[in-house]
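# Remarks on the overall topology
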Amino acid sequence: MDIPEKFSSFGANKRQEITRLVFEIAKRERLMPVEVLDRIPADCRAFAAVKAYLVARRFPEAVRRQEKVSGSFSAVEIDPASAMPLDRGENVPAPGMIYAEASVKDSPLVRRAVQKYPRAGLTLIGDYKTYTGREEFDIHAYNRRTRDLFIIQEQYDHFKPCPCSPGVVPCGYHNANLGFGCPFECTYCFLQSYANAPGIVIPENLDDFFRVFNDSRDGVRLGSGETTDSLVFDDLTGFSGRIVEHFRAFPGRVFEFKTKSDNVAGLLDVKAASNIVVGWSLNPQKVIDANEHFTASLARRLAAAARCAAHGYRTAFHFDPVIYFPGWEAVYEGLVKRLFEAVPSESIAWISVGTLRMTPSQKKVIENRFPENTILDAELLMGADGKLRYAPAERLEIYRAMLAWIRRQAAASTHVYLCMETASMWHDAGARVNWQA
Ligand code: SF4
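What counts and how
In this numbering scheme, every chain counts its residues from 1 along its sequence in written order. Per-residue local features are limited, in this predicted model, to residues with pLDDT of at least 70; the limit for side-chain atom pairs, both in listing and counting, is 80 or more; totals at the level of whole chains, interfaces and linings are taken over all residues. To obtain the side-chain values, all non-hydrogen atoms of the structure were included, while hydrogens and water were left out. Each helix is a run of H or I in the DSSP string that is no shorter than four residues. Each strand is a run of E no shorter than two, and both are numbered from the N terminus. Three exposure classes are used, based on accessible area relative to the maximum for each residue type with a 1.4 Å probe and protein chains only: buried under 20%, partly exposed in between, and exposed over 50%. Contacts are assigned to residue pairs with any non-hydrogen atoms lying within 4.5 Å of each other. In these tables, accessible area is a Shrake-Rupley quantity obtained with a 1.4 Å probe, and a residue counts as shielded only by the protein chains included in the view. We treat Lys and Arg as the positive residues and Asp and Glu as the negative residues; His and chain ends play no part in the count. We put the charge of a Lys on NZ, of an Arg on CZ, of an Asp on CG and of a Glu on CD. Two strands pair if DSSP finds at least two bridges between them. Only Phe, Tyr and Trp rings are paired, with Trp represented by its six-membered ring, and only when their centres lie within 6.5 Å; those with planes under 30 degrees apart are stacked, over 60 edge-to-face, the remainder tilted. Bear in mind that the domain bounds are from an automatic or database domain assignment. By buried area we mean how much accessible surface two parts lose on assembly, using a 1.4 Å probe and totalling the loss over both. Whenever a carboxyl oxygen of Asp or Glu lies within 4 Å of a side-chain nitrogen of Lys or Arg, that contact is scored as a salt bridge. Under this definition, polar contacts are N or O atom pairs within 3.5 Å; protein pairs additionally need one hydrogen-donor-capable and one acceptor-capable atom, and for neighbouring residues in sequence, both atoms have to be side-chain atoms. Residue polarity is assigned by list, with Asp, Glu, Lys and Arg as charged and Ala, Val, Leu, Ile, Met, Phe, Trp, Tyr, Cys and Pro as nonpolar; anything else, Gly included, falls into the polar class. Whenever a helix is involved, its axis is fitted only over the stretch in contact; in every case the axis is a line through C-alpha atoms, and angles between N-to-C directions fall within 0 to 180 degrees. Proximity criterion: a residue is near a molecule or strand once any of its heavy atoms comes within 4 Å of it. For classification purposes, an angle smaller than 35 degrees is called roughly parallel, one larger than 145 roughly antiparallel, one from 65 to 115 roughly perpendicular, and anything else oblique. The handedness criterion is simple: a crossing whose near helix is rotated anticlockwise from the far helix by less than a right angle is left-handed, and one whose near helix is rotated clockwise is right-handed.

On to the overall build of the protein. A count of helical and extended segments in the protein gives 18 helices and 17 strands. On the principal axes, the C-alpha backbone points of the protein span a range of 75 × 55 × 35 Å. For the protein, buried positions account for 55% of its 437 residues. Nonlocal contacts in the protein, meaning residues at least 24 apart in sequence, comprise 77% of its contacts between residues at least 6 apart. Of the roughly 19,100 Å² of accessible surface on the protein, 53% is carried by carbon and sulfur atoms. Computed over 54 positive and 53 negative side-chain charges, the inter-centroid distance for the protein is 2 Å.

In this section: the pairing of strand β5 (residues 173-176). The alternating pattern of β5 places Tyr173 and Asn175 on one face and His174 and Ala176 on the opposite face, and all of these are buried. Inspection of the sheet shows strand β4 (residues 159-161) paired to β5 by 3 bridges, in the antiparallel sense. Each bridged residue has a counterpart across the sheet, and for Pro161 the counterpart in β5 is His174. One ladder, built from 3 bridges, connects β5 with strand β8 (residues 221-223); its direction is parallel. The residue of β8 that forms the bridge with Tyr173 is Arg221.

This part covers the packing of aromatic side chains. For the structure shown, the criterion picks out 19 aromatic pairs. Judged by centre distance (5.3 Å) and plane angle (20 degrees), the rings of Phe7 and Phe10 are stacked. You'll find Phe7 and Phe10 in the same group, each marked buried. Ring centres of Phe247 and Phe255 lie 5.3 Å apart, and the angle between their planes is 50 degrees; this geometry places the pair in the tilted category.

Taken domain by domain, the protein comprises domain 1 (5-79) and domain 2 (90-429). On a C-alpha basis, the centres of domain 1 and domain 2 stand 36 Å from each other. Domain 1 puts 23 residues into the contact, and the matching count from domain 2 is 22 residues. Both sides together, the interface formed by domain 1 and domain 2 hides about 1,800 Å², and carbon and sulfur atoms give 40% of it. The tally of links between domain 1 and domain 2 comes to 7 salt bridges. Linking domain 1 to domain 2 there are 16 residue pairs in polar contact (both at pLDDT 80 or more). If you list the elements that add at least two residues to the side of domain 1 that touches domain 2, you get α1 (12-28) and α4 (60-64). Its residues assigned to classes, the side of domain 1 that touches domain 2 shows 7 nonpolar, 4 polar and 12 charged.

Pairing in this open sheet of 4 strands is parallel, and the strands run β2-β1-β3-β7 from one edge to the other. Two strands lie at the open edges of the sheet, namely β2 (121-125) and β7 (200-203), each paired on one side alone. The sheet shows a mean angle of 20 degrees between the axes of neighbouring strands, direction not considered. Sheet strands in contact with helix α5 (residues 108-116) are β1 (97-101), β2, β3 (148-152) and β7, and its direction is about 160 degrees off that of β3.

Turning our attention to unusual backbone geometry. At the junction of Asp320 and Pro321, the peptide bond is cis and its omega measures out at 5 degrees in the coordinates. Counting through the fold element by element, Pro321 comes out in strand β12 (residues 314-322). Located in the positive-phi region is Arg30, a residue other than glycine, with phi close to 55 degrees. Position of Arg30 relative to the elements: it lies in the loop between α1 and α2 (33-38). Of note in this structure, Gln66 is not a glycine but carries a positive phi near 55 degrees.

What follows covers the environment of Val353. Residue position: Val353 is located in strand β13 (residues 348-355). For the pair Val353 and Ile398, spaced 45 residues apart in sequence, the C-alpha separation works out to 9.2 Å. Those residues in contact with Val353 that lie beyond four places of it in its chain are Phe319, Val322, Tyr399, Met402, Leu403, Ile406, Tyr417, Leu418 and Cys419.

Lining the immediate environment of the ligand, one finds Cys182, Phe184, Cys186, Cys189, Leu191 and Lys260. A class-by-class count of the residues in the shell around the ligand yields 5 nonpolar, no polar and 1 charged.

For the rest of this paragraph, the subject is the pattern of salt bridges. Applying the stated criterion across every chain, the model contains 29 salt bridges. A salt bridge links Glu61 to Arg64; its shortest N-O distance comes to 2.8 Å. One end of the pair is Glu61 and the other is Arg64, both in helix α4 and 3 residues apart, which spans about a single turn. Owing to a relative accessible area of 58%, Arg64 belongs among the exposed residues under this scheme.

Attention now moves to the packing of helix α9 (residues 206-214) against helix α11 (residues 239-247). Across the interface, α9 lies against α11 with an axial gap of 11 Å and an inter-helix angle of 30 degrees. Classified by the angle their axes make, α9 and α11 are roughly parallel. Handedness of the crossing formed by α9 with α11: right-handed. Contacts between α9 and α11 involve Leu206, Asp207, Phe210, Phe213 and Asn214 from the former and Phe239, Arg242, Ile243, His246 and Phe247 from the latter. Of the residues contributing to the contact of α9 with α11, the split by class is 6 nonpolar, 2 polar and 2 charged.

Structure (structure tokens):
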């Protein structure tokens, strides 16, 4: 995008800021950049005046509320070839190649993968990290990730505390690294700027994970839905039933599956255990249609949750990320109502609420992979933890409303908490600060 002659005296950094603001205004207002530039008042010639005009136009609510606007005015670097094609037929595409570490080549998981994907080739590799270490990894590789399935023996990263964000209230969650990479395409997914795996990676050695889990303490809350969807590959791995059976012997430790799928057959094949929680991320169908590509519809997620509850599992729901749009209140209130119509409230162990957040580098990946997105049109401001979020006042309004709608119908035993928010936001929103399962 070219900045017109009249701003040619601005230095490179200033031109970059102007270009970023014009780009985002044009996208948000569905205009051509030149139309935005043409509307800059003629008397705005100094950089400060031009920027003030553009900031007020890009962040009108924040300016009205006198919020500090220190957004991310990074260079606009859009590569049209980076856009993620969203017209694939299958929700979970079959891989073209299965790479198995030699140490797991005779495992049941590799055998099942070969049977399930008969058209995929099988390549034996020595060690995953050495094999992939030489590869360049970029957005194009991320877009191709479902083509390659790696089945490995995980040696070190079995589970660790959720990294959370500095300064926010932790929820005590520990991530079990039972897979890396997800075939779904959520526009806001943090993996797209974090993942450095050229394919989907699944560990074969679940028993080694169990040995490490056995050393954890009672009260720990584990889950596998951070670096992958917990259940999307469950018909291949069969992990869920084995996890339920294992944790049945450790009633003081809680394991949560987190999913946007309805792949619950493995869970229904075994007797439920009281310390297993099956969690779904929920959003209104219009948000799913626009942002959670290839995931199960809201109706299918709720039907799967109802089946799990009827089978005896505790359930959990994560309204995360809540996406702001004009008229969000009625749509999200309807979503909360729909949850409690579908799932018995006494089955619900906990419900979390979080709002859209991302790092500046994630934002750059999103605008490349999903050029038609609307989530970046919102007024996202830089927080103290270096993440872009809705303004504090807007988030508070969302949390207060969501907590009120949830509490109206939730059982007294259901824990309701905020995800990745500060203690003061919890306090102002009326959320309980000490997280306990
Ligand atoms: S389901 Fe989760 S892990 Fe998968 S793409 Fe969506 S946000 Fe990412």
